[in-house]
Amino acid sequence: MTGRPDPTVGGRPDPAVSCRGLTIAYGPTAVVSDLDLEVGRGEMLALLGPSGCGKTTILSALAGFLPVASGEIRIGGRVVADARRQLAPERRDVGVVFQGYALWPHLDALDTVAYPYRRRGIGTAEARRRAAAILELLGIAGLAARRPAELSGGEQQRVGLGRALAREASVYLFDEPTAHLDANLRDRLQLEIAEHRRRSGAAAIYATHDTAEALAIADRVALLRAGHLVQEGTPADVYERPVDLWAARLTGLASIVELTLPADVDPGSRSGSPGPTPAGVAGADQAPLLSTGRPIAAGLVRAIVRPDWVRLGGAIPGRVVTVAFRGAHTDYRLATPAGTIDLRAGGPPTAALGEPVGWSLDRVWVPVEAIGGD
Amino acid sequence: MAESSSLRRVAWLAAAGLAAVIIGWPVARLFGVALERGIGTLIETLAGPQATVAIWNSLWTGGSIAFLAVTGGTAAALLTERSTLPGRRWLRAGLLLPLLVPPFVTAFGWARAFGPRGLTDQLLGLTLPGIYGPLGIVVVLTVAAMPLAYLIVAGALASRVEPDLERAARASGATRFEALRTITLPLLRPALLSALVVVFVYAINAFGVPAVLGTPAGFATITTRLYQDLALSADPAAFVRATTMAASLVVVALVVVGSSDALFVGRGAARTALPAGAGLARSRGVVAVALGAAIALTTVLPLVALVLAALTRATGLQPVPANWTLDNFAAALDGRFLGGLAHSIVLALAAATVTLLLGALAVAAGRRRSRILGTAITLGFAVPGSALAVAVLLAYGGWLRDTLAIILVAYVAKFWALGHRQLAGSVERLPGDQVRASRASGAGALDAFRSVVVPALRPSIIAAWLVVFVFALHELTMSSLLYGPGNATLAVIVLNVQQLGDPTITAAMAVLLVGVVALAAIPLAIAGFGREPTTRPGGGAS
Amino acid sequence: MSVSFSRPVARGRARFPRAITVVLATIALLVSACTASGATTAPPTAPAAGPSLPSATTGPSPITTPQPEPGGTIRLYTSVTQATVDAVVAGYTAAHPGVTVEVFRAPTGELAARIATELRDGRILGDVLWLTDPLSIQAYAAQDLLRTWQPSEAAGIDPAYHGDTYWGTRFLNMVIVRGSSIAPGPLTWSDLADPAYRDAVAIPDPGFAGSAFGALGYFALASDAGMDFYASLKANGAVQVKTPDEVTAGVAEGRFKVGMTLDNSARTAVTKGSPVALVWPTDGAIAMYSPIGVVDATENATAAESLVEFVLSDPGQVAIAGTGWQPIRASAGGPPAEGPQVFPDWADAFGRQDDLLTGYRAIFGG
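Here goes a summary of the coordinates provided. Please read these numbers as outputs of a predicted model, since none were measured by experiment.

Rules used throughout
Residues numbered from 1 in each chain as written. Chains lettered and ligands numbered in written order. Predicted model: local features only at pLDDT ≥ 70, side-chain atom pairs only at ≥ 80, totals over all residues. Helix = DSSP H or I, 4+ residues; strand = E, 2+ residues; numbered from the N terminus. Buried ≥ 20, exposed ≤ 12 C-beta atoms within 10 Å, placed from the backbone. Contact = placed C-beta atoms within 7 Å. Core = buried A, V, L, I, M, F, W, Y, C linked by C-beta atoms within 7 Å. Pairing = 2+ DSSP bridges. Nonpolar A, V, L, I, M, F, W, Y, C, P; charged D, E, K, R; others polar. Expected span 1.5 Å × (residues − 1). Bend = angle between axes of the 7 residues up to and from the residue. Axes fitted to C-alpha atoms, helices over the stretch in contact; angles between N-to-C directions. Left-handed = near helix turned anticlockwise from the far one by under 90°. Parallel < 35°, antiparallel > 145°, perpendicular 65-115°, else oblique.

## Notes on the overall build of chain C
Then step 1. Counting its secondary structure elements, chain C contains 12 helices and 11 strands.
Then step 2. Out of the 366 residues in chain C, the part that is buried amounts to 49%.
Then step 3. Long-range contacts, defined here as pairs at least 24 residues apart, represent 77% of the contacts in chain C between residues at least 6 apart.

Here it is in structure tokens:
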């Protein structure tokens, strides 16, 4: 088991990473249970979830820092870990970028990035040459002689990224790499990471609790809750079609609206009349696009509404409860007969606190799992 | 931390004054007497055969012991802190066991276990050749000092909350061994250096072990030479030699302390149980058993040999149950023994309390002004006890000769550093915001100190108190030079009995002494045993 | 707001005395330790002299001067075996309950060092010296450190065993000890140099143990062998240990085959069951007496002298005999000599102590 795969064995390319029935335990408690996950070649998967959901645990197991209790992990089609054997981390085809940077205090940036080359048996001079090239690529060539104590957070993480790139692996594992950085830096670094990753052609798994980050840079997103996979799909999938309220709240602001459904509806999208109307609201000219993940019977149903699926200026009455100007857009919270609605509108505020406004509904989504009370 | 600067100034003055009295004046007096006859005589004395041999012996054995103990302690620390050995708790406790046994009792136990006509000789016909002599001294002191090295290195490994550094190495292609070589060890360098210095100072300071194992073979160290010259010789030339050697030891200590500033490494309280990775899987059990066996051989077996010797009716008889008797213990528990016990306990209580108060005083004096103060305090620890005892004797022998007080002065001079460093380390780790919050809520400086700082420091304070208490209980080097009629401490009594040459009575007394020290150290052991890793895998919440 | 300011201050004041109490308690501890250990001897207390008290012994002891009842504290510096000291002091204290005796017991070498230190600082702090060999005490007598007086109990002592300032209290016999399996074993001192006992002979250190010092005095001066005796021992691989007891223990354990030790030591070991046997040398055990004297600079001469009187009196001698030594008064019992005894010429050895030791060290080092 060298860990360097031949991805075309059998004709169909193996996924870069695949986990089957993965269970990771700490002592008697299982932290991750029976997880199935797959990352295609060259694909970036985001592991999104709150603290404690198991994302770092999964990455640790993938990297080889934690043993697997049951199930198996394959990288590039080869089994690297199962209940009986675990391949040592240095022999897996992975590179890791750590949340806390994990730079070595006694090595300068150049030697840090050169370290993986040295471990592969490449001589010091050659290793340093290649490391210098990576530093150049990342735009931090001037920091080559600096130790971690002399680097800012963003610079340190770039060095960490360079070190991982020096591994020239087929899979990269990112453990919340921007968590400790300032907001401005975070946005910039996320994009840099995504860009370098894409250029290298490697697959990656990116653990984060920041929804915006996950949606922005990932090809696919996996939602994790207490060690279980709740939903997996493209960013658009998880944003527009969350499977339950929890997933909806994780992936963005979600308001709940109660609707009256005139007739039974099957899964899919419907528009036009007779459409659902917000309960307790008179007026039939509301006919939002209805998407549902499950069959629903006529009558009352609860649906999820995203802030951008609501528009100011419409027939449904409401009152402004909070106003927050975000620069490019304004977030409102409205108190309405149909419930509390979060709304996002472009530009500066056009309504003030306490002001009665009218609003209208563009779309709704009825999730696969019924919202409590249905 | 008391922030009012007038309070700090008062504390500094008090601490500096006390340091001058307890450490400064004795050292000055020592140099005064040593230089009385001029530098020429001083050099001549030092170059004399007896002094030269003793100094050389101490230096090379001290160096060997430091190297061996730190190597062993580091290996043990890496095994217990960075791998998934089963039964780690027990191994940690076992590695610290030698601290409970006074070193000269260990020496005696080893002689009875592995020496000629010892336990292994009687059972297996095997002895440790050279047990009486430098080899025995090096082996026994290495065993005695390894817990110190282990504590320092394990503390450094445990207090680094980022095991990610080693994982990053593994994830960058390094094997377990390469990660150890290129990352872990270089980063441990400050702790390794600190451990080397501490063990070297400890080894140079040792008196009991060279007295029991070296003197019979004619192998003299600085400490036994000083004892011989001061306590066993009426020759005035011997006294001159003693003071000269003591003065030169102070210089050596100054050099060693000055050149390695970090004599102690702060011990972090957080422990993580995260392994650096899978591996060592099949051999884990074997390693654990091997480590346990090593501990049993080096620490438990000598104690067993000691107990057997104590139970034997007469010297030379086999230690079989037929020859067992409790008479030796009955004879050992005479008025002298109990008097010595009382003296030892009083001294240990006083030493621990006073040292802690002084340590607090030194800490309250503040960090900025205390470079010289800190050096003086550390000097008290670094100077070998023999030299310190001579200095104290010269300075205060006139008033305090033959009292418990002079022994107390020597103890305080030696152990002040322990209390100071422990407290200083803990105080440094206090978040300053807590005190500021208390002040902002209306508490005065002293009150803030008392209600915020003291509770947070309580575990540290208790630990430091206990450490000094246990060390003072079995201190021998200085006590043997400073005690007077009717004022012997327990350790001195046992040493004197040992020197008289009856192994059975000596063994009984030694066992009793170990029992007393162990009793006192039980709270420490419980505290150390109870601390366990609390973080979840993954390196943090995720 | 004023409430929250005043409360912390009040609490601070209440705690303050507590801290002071701790400090005061510690100081009190130290002070009591100082005084309890008795840094200085108490001045002699003598109640009004009543009718003279005869010495508490029987026998022909003329009453010389009226003796006031002794009291106060005296310090006894001694290298005599602990058990013997304890027995004698217990007997003395029973007879003179007003006196407190502080005992400092150490091997001869250590005792000599302590005395030298005290002399360097001014004066000897002990009141009575009770040593194990005549050479050591004679050195002090020669420096005029001992008091000249005539104890009433000393009347019956052979002049060979006392001087003007010190008197013999018991006999120590240096004999040979062998492992019980070593048969037939050595019979004379020169047998110790026999190749049969190569590297298996132990002798005690004259610098440490007074009895060994006495033996050194005999071999070096009185016998024909001179320092050759020690040279031959060294050539045969003899090992120097510290004390006679250590020799006995070493032979008992089998580390040595034979050794030079004190009769009391060998006898005690045999009684306890150690596998050793006492060999009384046919050319004579080296006998020496254990002298006692009063320090001239004593501040409690009355009590000090009364202690010496007691040791030389019948009860004192019986106590000594009870712990296994041959007392100076034959009538007090104790173990008899089992064979011929040779006595070093002490007069010849006096004044040459340093030379003796130097000569010995030249052979055995140390």
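There is more to say after this.
## A look at the nonpolar core
Residues and elements named next belong to chain B.
Then step 1. One finds Val 153, Val 199, Ala 351 and Val 392 to be the most contacted residues of the largest nonpolar core, which totals 290 residues.
Then step 2. In terms of residue count, helix α7 (residues 134-159) provides more of this core than any other element does, 19 residues in total.
Then step 3. Filtering out sequence-adjacent residues up to four positions away, Val 392 remains in contact with Pro 26, Ile 406, Val 409, Ala 410, Ala 413 and Leu 482.

## Quick word on the pairing of strand β16 (residues 310-325) of chain A
Residues and elements named next belong to chain A.
Then step 1. Direction of pairing for β16 relative to strand β19 (residues 356-361): antiparallel, over a ladder of seven bridges. Counted as the bridge partner of Arg 319 is Pro 356 from β19.
Then step 2. Linking two consecutive strands that pair antiparallel, namely β16 and strand β17 (residues 329-336), is a turn of three residues; a positive phi of about 100 degrees is found at Gly 327 within it.

## Points about the interface of chain B and chain C
The accessible area lost on association of the parts is a frequent measure of interface size.
Then step 1. Between chain B and chain C, the contact holds 40 residues from the first and 45 residues from the second.
Then step 2. Elements with a contribution of two residues or more to the side of chain B that touches chain C: α11 (222-231), α15 (335-364), α17 (385-400), α18 (404-428), α20 (445-473) and α22 (490-500) of chain B.
Then step 3. Per-element tally for the side of chain B that touches chain C: the top contributor is α15 of chain B, with four residues.
Then step 4. By residue class, the composition of the side of chain B that touches chain C is 19 nonpolar, 15 polar and six charged.

## Overview of α20 of chain B
Note that an α-helix has 3.6 residues per turn; residues three or four places apart therefore point the same way.
Then step 1. With 29 residues, α20 of chain B should reach 42 Å at 1.5 Å per residue; the first-to-last C-alpha distance of 36 Å falls well below that figure.
Then step 2. Along α20 of chain B, the largest kink reaches about 55 degrees and is centred on Arg 458 of chain B; proline Pro 459 of chain B follows within four residues of it.

## Description of the interface of chain A and chain B
Then step 1. Tallying the contact residues gives 31 residues for chain A and 25 residues for chain B.
Then step 2. Those elements giving two or more residues to the side of chain A that touches chain B turn out to be α1 (55-63), β6 (94-97) and α2 (109-119) of chain A.
Then step 3. It is α1 of chain A that contributes the most residues to the side of chain A that touches chain B, five residues altogether.
Then step 4. In terms of residue class, the side of chain A that touches chain B is made up of 15 nonpolar, 10 polar and six charged.

## Re the environment of Arg 91 of chain A
Then step 1. Checked against the element boundaries, Arg 91 of chain A lands in the loop between β5 (78-82) and β6.
Then step 2. Look at Arg 91 of chain A and you get partly exposed, because 16 C-beta atoms sit within 10 Å.

## Quick look at the packing of helix α12 (residues 236-259) of chain B against α17 of chain B
Residues and elements named next belong to chain B.
Then step 1. At a closest axis distance of 9 Å, the pairing of α12 and α17 adopts a crossing angle of 115 degrees. Judged by the sense of rotation from one axis to the other, the crossing of α12 with α17 is left-handed. Taking contact as the criterion, the partners of Ala 242, Thr 243, Ala 246, Leu 249 and Val 250 in α12 are, on α17, Ser 386, Ala 387, Val 390 and Ala 391.
Then step 2. Broken down by class, the residue content of the contact of α12 with α17 amounts to seven nonpolar, two polar and no charged.

## Digging into helix α13 (residues 284-311) of chain B
Then step 1. With 28 residues, α13 of chain B extends 39 Å between its outermost C-alpha atoms, agreeing within 8% with the 40 Å of an ideal straight helix rising 1.5 Å per residue.
Then step 2. The largest bend in α13 of chain B amounts to roughly 35 degrees and is located at Leu 297 of chain B.

## Observations regarding the packing of α15 of chain B against α18 of chain B
Residues and elements named next belong to chain B.
Then step 1. Between α15 and α18, the shortest axis-to-axis distance is 6 Å and the interhelical angle comes to 45 degrees. By the angle between their directions, the pair α15 and α18 is classed as oblique. Once α15 is placed against α18, the crossing between them reads as right-handed.
Then step 2. Here the residues of the contact of α15 with α18 are counted per class, giving 21 nonpolar, five polar and no charged.

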